[in-house]
Amino acid sequence: MKRCPSCGATSTGATPSEHRFCESDGATLVDVPDPARPAGPRCPMCSEGTVEADGFCSSCGKRAVSSRPTPAVAPVGSPLAGGVVVSARSSEEYVVRMPGGASVLVALGDASAIEREADALERIGGSGPFPRVVECGADETHGAFLALAMPGADDRPLGEVGPGFGLPAVLALLRALLDAAQIVERMGFAWEPQRDDVHMRPDGAVRIARLRVPRKLGPTERIDARAVIESVGPTFVPAPAIDGPPRAFRLLLPHVAIPGDPGHSVAEARAEIDAIERELAPPPADASRVAGVCDPGLRRPHNEDAVASASGITKGEPWTVLVVCDGVSSSSHAELASAVAAKTACDALAHFARSGDVAFEGGAAALTTAIKAAHVAVCAQQIDTGGGDPPGTTIVAGLLWRRRLTVGWVGDSRAYWVSDQGAELLTHDHSWANEAVARGEVTELEASLSPLAHALTRCLGPLEIMDPDAPANALPRIQEVQPDVRARDLPGPGWIVLCSDGFWNYFPAAAEVALLVRSLGAGASAPLVARRLVNSALVRGGQDNTTVLVHHHR
């Protein structure tokens, strides 16, 4: 604002020329303070008060933020936030010793982000595992900073103690993080911590070093519990998660969004942990030597695999039936086809074994009959395909009587035998790749790289449902199916492994399967072996539904 030194009139002209001379007497105007404007610069923290000579706001009392850019690293021994740098965790985090001798964690960054983190922590008020705010302001050299109370001297970052965790301890940690997430959610903020923000106290309690620049949640928005869990998940993958239920593995692995995925609220994440803990319960001492895991994998919205098994004793001799089916994903209602086929084949083989015929007849005919019955059952399903392909499924089934294993299959689900003497693939895929290689049309490498590599040449289901020469009012004709069957005597102890291609795509060679099984040691239980195999496929990518059914033969 300018004032005339003669008459005292003021000028508020919009252009520079209008500020030079008084409109009344033509005298040259002079600059004078504007009483309506604050004496100091406006505080960038609250936008209400002014910055006093000591650098603090007259309204909110916080140190004003300097506009200087933050340097790459503050050297050890240099001044920062009123103290001296002891060590640098990164270019934006430092341990600083204050004049009184106490150490604080100083975080540098964008002024608005630092302010949001301070605001959220102050609202939380030190409750739960969160740190206390010591100071929020601006350093003359380094810009906006947030000084937080340090974790205890005996507290350790999760990365240092995580490898020693068992899965129950991991689940307890996740519960503590979800409790913390709920506190943040109540304050109206989102939260995506980093692993190094999580510290463990000697008594096992969790402490959070930082709140990491939270953003405000919308009126109906909820915190993403999945992001909170995944911030620490990689610490426990592959061990100890590799030997737990696959759903624990999925919870810890980085999430891949799939259609229909609802995400995880805090309540949903807690329910998932409850389910995992139930699956962790030890099996009874007399548990069966058969175990299976049928998992949707990491990238499929639903599971189209199915598994079935039965066991018993006939004429004083034990028998076991194993069945794995993999619904053809390009067909309609593939999950129904696999479930119907698995149950039908398992029931037929179990009836054969219980009837006593298993003691007098070979298993080959029984396997052929059971698989054909499963095919008829799938074809008999009244399914509205909506113009898509009719339902289809692969199948692999095994019948173990005494020491003789008979395996039958249609499609590319597989059976392996693993023992101390070696490992063997017992089936041969009914696929374009195998048949093209057998005919000499392509090499194995060329077949594996072809888009038709996994195209099936046989499966169960009404793929040919109408005879073109039949009358218009004729009933659909059921396509014939011819399974392959193979019998093998088992010379000693070992493992029978049946699986879908969601597993063997990652471990196709029998030697690879054997390596996974043997890595668990001679005393491994069937549930542990099944989990290890499925989780190993998830580590490799888990692109497909993954099913493994194992039997420990002694």
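Just above sits the structure.
Residues numbered from 1 in each chain as written. Predicted model: local features only at pLDDT ≥ 70, side-chain atom pairs only at ≥ 80, totals over all residues. Heavy atoms only, no water.

Asker: So what's going on with the pairing of strand β9 (residues 143–149)? Residues and values would help.
Answerer: The side chains of a regular strand alternate between both faces of the sheet. Across the 7 residues that make up β9, a large majority, 7, are buried. Where strand β7 (residues 103–108) lies against β9, 5 bridges are found, and the strand directions are antiparallel. When the sheet's bridge partners are listed, A107 is paired in β9 with L146. Here 6 bridges tie strand β8 (residues 133–139) to β9, and the two strands are oriented antiparallel to one another. Looking at β9, one finds that G137 is bridged to F145. (Buried < 20%, exposed > 50% of the residue type's maximum accessible area, 1.4 Å probe, protein only. Helix = DSSP H or I, 4+ residues; strand = E, 2+ residues; numbered from the N terminus. Pairing = 2+ DSSP bridges.)

Asker: Residue-level account of the environment of T443, with values.
Answerer: Positionally, T443 belongs in the loop between α9 (432–438) and α10 (444–449). Placed 10 residues apart in sequence, T443 and A433 show a C-alpha to C-alpha distance of 9.1 Å.

Asker: Before we move on, could you go through the pattern of salt bridges and cite the residues and values that matter?
Answerer: Under the defined criterion, the tally for this structure stands at 25 salt bridges. When the shortest N-O distance is used, the salt bridge between E317 and R402 registers 3.8 Å. Of this pair, E317 sits in strand β15 (residues 317–327) while R402 sits in the loop between β16 (393–401) and β17 (404–410), and the two are 85 residues apart along the sequence. The exposure class of R402 is partly exposed, given its relative accessible area of 46%. Close ionic contact of R486 with E424 constitutes a salt bridge, the shortest N to O distance being 2.4 Å. Within this pair, whereas R486 is found in strand β20 (residues 484–489), its partner E424 is found in strand β19 (residues 422–425), the two being separated by 62 residues in sequence. On the basis of relative accessible area, R486 is assigned to the partly exposed category, the value being 32%. Here the residues in one salt-bridge network are E93, E117, D197, R210 and R212, joined through shared partners. (Salt bridge = Lys/Arg side-chain N within 4 Å of Asp/Glu carboxyl O.)

Asker: I'd love a proper account of helix α8 (residues 363–379), names of residues and values included.
Answerer: The end-to-end C-alpha distance of α8, which contains 17 residues, comes to 24 Å, matching closely the 24 Å that a straight helix rising 1.5 Å per residue would cover. Considering only its buried residues, α8 is in contact with α7 (334–354), β16, β17 and β20. (Expected span 1.5 Å × (residues − 1). Contact = heavy atoms within 4.5 Å.)

Asker: Now, about the sheet that holds strand β14 (residues 305–314): what can you tell me, with residues and values included?
Answerer: Judged by pairing direction, the sheet is antiparallel, and its 5 strands sit side by side in the order β14-β15-β16-β17-β20 without closing on themselves. Either end of the sheet is taken by a strand with one partner, and the two such strands are β14 and β20. Across the sheet, the axes of successive neighbouring strands diverge by a mean angle of 10 degrees, strand direction being ignored. Packed on one face of the sheet, α7 meets β14, β15 and β16 and runs near 165 degrees to β15. Against the sheet, α8 engages β16, β17 and β20, with an angle of about 30 degrees to β17. (Axes fitted to C-alpha atoms, helices over the stretch in contact; angles between N-to-C directions.)

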